[in-house]
Amino acid sequence: MGSAVGKPAFLVGIDLGTTNTVVAYADTSDAQAGIKLFAIEQLVAPGEVGARPLLPSLRYHPAAGELAAGDLTLPWPQQELELEHAVLGALARQLGAQVPGRLVSSAKSWLSHANVDRQAPILPWGADADVAKVSPVAASASYLAYVRAAWNHRFPHAPLEEQELVLTIPASFDEGARALTLAAARLAGLPALRLVEEPQAAFYDYLHRRRATLREDLAATRRILVCDVGGGTTDFSLIDVAFDDDGAPQLTRSSVGNHLILGGDNMDLALAHLVETRMAAGVEGGMKLSAARLSQLMERCRAAKELLLSNDAPESTTVTLLGAGSRLIGGSRSADVTRAEVAAMVVDGFFPKVELGDTAKKGRAGIVEFGLPYAQDAAITRHLASFLHQHQGELPDTLLLNGGVFRADALARRLAETLAHWRGQPLTILHNDNPDVAVARGAVAYALARRGQAPRIGGGSPRSYFLVLGEAGKDQRAVCILPRGSASGEEIRLTQRLFALRLGRPVRFHLATSLYEAGTPPKLGEIVDLDAGEYLRLPPLASVLHAGDAGNDKREIAVQLATVMTEVGTLEVHCVAEADASMRWLLEFQLRGEEETPAETVSVSPRVKEAIEKIERIFGGKAQKVETKEVRQLRQHLERGLGGRESWETPLLRQLFDALLLRARGRRRSAEHERVWLNLTGYCLRPGYGDALDPWRIEQLWALFDTGVQHHKDNQVCAEWWTLWRRVAGGLSSEQQLRLLDDFAFNLQADAAQRGSRPVTLVNGSDDDMLRLGASLECIPGAYKAEVGAWLLKRLEKAGRKDEAADTNTLWALARVGARQPFHGSAHEVVDSASVADWLTVLLALDWKKVEPAAFAAAHLARMTGDRSRDIGDDLRATILARLKAVGAPPLWQTMVSEVTQLDETATKRILGEALPPGLKLIG
């Protein structure tokens, strides 16, 4: 069957689930054929190719020699995205349950995890160094590429990329996660598709299946709750039902819930902890599984959970964890779990009987493991109570359940009973004949609805979007730029406000979205107080915009903001010239991992103008006769007008940095000029992030790196050079930090012959300069950090406790290099826990009463994260904690080791080497 351009042969829905990927389709030339499931050819067992409608969304990287080459043969050529020897599908899950540390799962949950680099190769999380890794984006792309290859093998004349595609996502995905999902699709060769939210897709499936009897089925329904609990996420949506004059139901989605990384994975993990405790009971000294082995145990517990919660379940079952390597059988361990235990843990733990007023707990009560930020409260019923409380109005009278979790009848019954209790009367349950495939079928039904061939749900944008107007920390007002309910594809322009846009220079806007809105949504242009409700800050919109012709690239023009919820399902914001609407610039979301301080552009006050004039006098283009003393005292002169520099907030610091960067050439006038410029520039851009335009600033600053310093014989100039890069290291990429590491290594290790051939622009650095720099490079691979730590331990041993200052600096650097919780780096690049355990053994040999920094370093090396792949062993943790108590260490240090906690301002200042700018908070 062919497919002409613009006339796809098929409508295709893809549910890229945490546990299963499901593909459904409908033939556009045969409306009566209905929606079918695409049987994806996949590996089922070595040497055997089978066909099933479900493709588990899992990757497995077998070690060389575990499988013969023929065992991995597929009916189509290897795809560009495929890792060599990677296995996808049912065999991946089967092998992952047998051999630890090689299974990639929950890639979709990782796409929404903003505190890691989602485009870096970090999965499988906690795997050994010799295991090939992929990024969450690449993992998602590889699943889609697999689907594309399977489809194109079966339908060579109707390639998947030419069909009308709908990809499902959690309703709670923010704009960042949606953008990354589309990026994964493009990597897989699927550049054109639409996104639809999973709860909505599940309901579309119901509408399509029941389209002939819909009036009768929904006659008594006024509000429907769609509850979708999958392997990795939980989503709630409310759909209101009204009837037109002809009695036909009119459906409007009125609310969607917040993002919750909470689902079947959490239940399996809780059960795995129970089984692990039982397996350890017969082992002398106890037993704690590695992160990879725990992941393996989870796969076993998943099957046990589904068995014991099913109809006609046995009283108990045995969970067996095979040994590793040559002890595959002899090293295996088993534990029994009963139906009553699983019911108590899963049903009562995740679906407890609660009252409507019992909203989700804010404390740290959830399970934290494998690096994912699971919901703090594990009780799904409490999260539902919070959702219904926020979206005040009539309680739902009808329930549609979706997701693999509800294959367990006990969970479906408990949720229905809880809702009935809140209402004081039973509610209608809409039949979902197959939760595993409903979302994929519903994606096709959504495509049919767009063509007018099936019932459609109205409602437009599920949330309102706002432009933040005020200065960070001072004015929390925002103006509505896209009201809730705005139709997809309909552009809305904010004509009430004009913005001055300077072309060729960076511009940024901070957006927020409503987590919930009770009653009438705000109108376009309406001002809201962000402190008065629950709003979520979105990644900032930032770009350097150009006119297209170089001659006009520096002018300032008046623009308005135009916003649209695209047909694809993502938010787009354009700057549109007031005078010429044909001049438009698309603003891109910045998806960097760390928290951003919402620092709106501050107005240039007279005091700031005066400060910039002082910078101009010292470093400006026209050389002025300035005494050396005046250059040296520039900082003091700035502080007289602006207050002590410790009080300078991020917006002010960045304005000063911009002024200094524009006058960078002036630093070469004298050694004093260069010392002062380097010192102030690094201070004003620290820690290298925190403002939406900092990536652009880092790019401009990094352009100066290869030129080095002008006055390279001045030791203080060289020291300030390395201080600058240490201060802004948090904004540098891993490649840039590796470049710094090269200079670090040369300055420390080069012999006399090598120093004679050193690059002209390589700046000298003392051991102390290099120590502070090396400790700040959080984005380099963990193996390199381990080498830096080994050098620090040798330095400590060489000092022989005779040089207290050397001890203090070295121990501080060791704490920073081996920290379990990085400040700006991704958690996947921390030093391995075995190396850190060796370092702690060295520290335990010191007298912590006499060498207080040793206790400080130990507290950071032993800090608890809740992530088993990063945390040290329990016995060593107990030893460190006992020693901290014995020497009377500060309570915070003890708490850091015993539980997951945040650092206070004093501890943050000490571990970073100086205070963060006021208003900028680092969040782990």
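Here the structure is a predicted model, which means the values were calculated and not measured.

S.K.: Tell me about the overall build of the chain, residues and numbers included.
M.R.: For the chain, the helix and strand inventory stands at 29 helices and 30 strands. The buried share of the chain, reckoned over its 924 residues, is 57%. Here the chain has roughly 37800 Å² of accessible surface; of this, 49% comes from carbon and sulfur atoms.

S.K.: Before we move on, can you summarise the pairing of strand 14 (residues 249–256) with the specific residues and values?
M.R.: Burial analysis of strand 14 places six of its eight residues in the buried class, which makes it a mostly covered element. Of the strand pairs in this sheet, strand 13 (residues 234–243) and strand 14 are connected by seven bridges, and their pairing is antiparallel. Within strand 14, the position partnered with Ala242 by the bridge is Gln250. Hairpin remark: strand 13 followed by strand 14, antiparallel, with five residues in the connecting loop; positive phi at Gly247, about 85°. Relative to strand 19 (residues 457–458), strand 14 runs parallel, the two sharing two bridges. Residue pairing for strand 19: Leu251 is matched across the bridge by Ile457.

S.K.: Explain the pairing of strand 17 (residues 398–402) residue by residue, including any values.
M.R.: A large share of strand 17 lies buried, amounting to five of its five residues. Judged from the five bridges that link them, strand 12 (residues 223–229) and strand 17 form a sheet pairing that is parallel. Bridge pairing in strand 17 places Ile224 opposite Thr398. The sheet contact formed by strand 17 and strand 18 (residues 428–429) spans two bridges and is parallel. Residue pairing across strands places Leu399 opposite Ile429, the latter belonging to strand 18. Of the crossover connections in this fold, the one passing from strand 17 over helix 11 (residues 409–423) to the parallel strand 18 is right-handed.

S.K.: Tell me about the packing of aromatic side chains, and name the residues and values.
M.R.: Applying the stated criterion across every chain yields a total of 21 aromatic pairs. Ring geometry for Trp151 and Phe155: centres 4.6 Å apart, planes at 45°, overall tilted. The pair Trp151 / Phe155 is uniform in exposure class, with both members buried. Ring centres of Trp721 and Trp725 lie 5.6 Å apart, and the angle between their planes is 75°; on these two criteria the pair is classed as edge-to-face. One end of the pair, Trp721, and the other, Trp725, are both in helix 19 (residues 715–727), four residues apart, so they sit about a helical turn from each other. In this structure Trp725 comes out as buried when scored by relative accessible area, which is 1%. Aromatic rings pair up to connect Phe10, Tyr25, Phe38, Trp151 and Phe155 into one cluster. A cation sits over an aromatic face here: Arg686 above Tyr683, 3.9 Å from the ring centre.

S.K.: With reference to specific residues and values, describe the sheet that holds strand 14.
M.R.: Read from one edge to the other, the open sheet built from six strands follows the order 18-17-12-13-14-19, with strand pairing classed as mixed. At either end of the open sheet lies a strand with only one pairing partner, and these are strand 18 and strand 19. The strands touched by helix 10 (residues 380–390) are strand 12, strand 13 and strand 14; relative to strand 13, the strand with the most contacts, the crossing angle is about 45°.

S.K.: Residues and numbers for the pattern of salt bridges, please.
M.R.: What the rule picks out here adds up to 38 salt bridges. For Glu341, the salt bridge is made with Arg278, and the minimal N-O distance between the two is 2.3 Å. With Glu341 in helix 9 (residues 339–350) and Arg278 in helix 7 (residues 264–280), this pair connects stretches of sequence that are 63 residues apart. You can call Glu341 partly exposed: its relative accessible area is 24%. For Arg278, a relative accessible area of 31% translates into the label partly exposed. Across the pair Glu630 and Arg617 runs a salt bridge whose closest N-O atoms are separated by 2.6 Å. With Glu630 in helix 14 (residues 628–632) and Arg617 in helix 13 (residues 606–619), this residue pair connects regions lying 13 residues apart in the sequence. Connected through shared salt-bridge partners, Asp265, Asp268, Glu299, Arg302 and Lys305 make up one network.

Scoring rules and cut-offs
- Residues numbered from 1 in each chain as written.
- Predicted model: local features only at pLDDT ≥ 70, side-chain atom pairs only at ≥ 80, totals over all residues.
- Heavy atoms only, no water.
- Helix = DSSP H or I, 4+ residues; strand = E, 2+ residues; numbered from the N terminus.
- Buried < 20%, exposed > 50% of the residue type's maximum accessible area, 1.4 Å probe, protein only.
- Areas by Shrake-Rupley, 256 points an atom, 1.4 Å probe, with all protein chains shown as cover.
- Pairing = 2+ DSSP bridges.
- Right-handed = clockwise from strand over helix to strand, strands pointing away.
- Phe/Tyr/Trp six-rings, centres within 6.5 Å; stacked < 30°, edge-to-face > 60°.
- Lys NZ or Arg CZ within 6 Å of the ring centre and 35° of its normal.
- Contact = heavy atoms within 4.5 Å.
- Axes fitted to C-alpha atoms, helices over the stretch in contact; angles between N-to-C directions.
- Salt bridge = Lys/Arg side-chain N within 4 Å of Asp/Glu carboxyl O.

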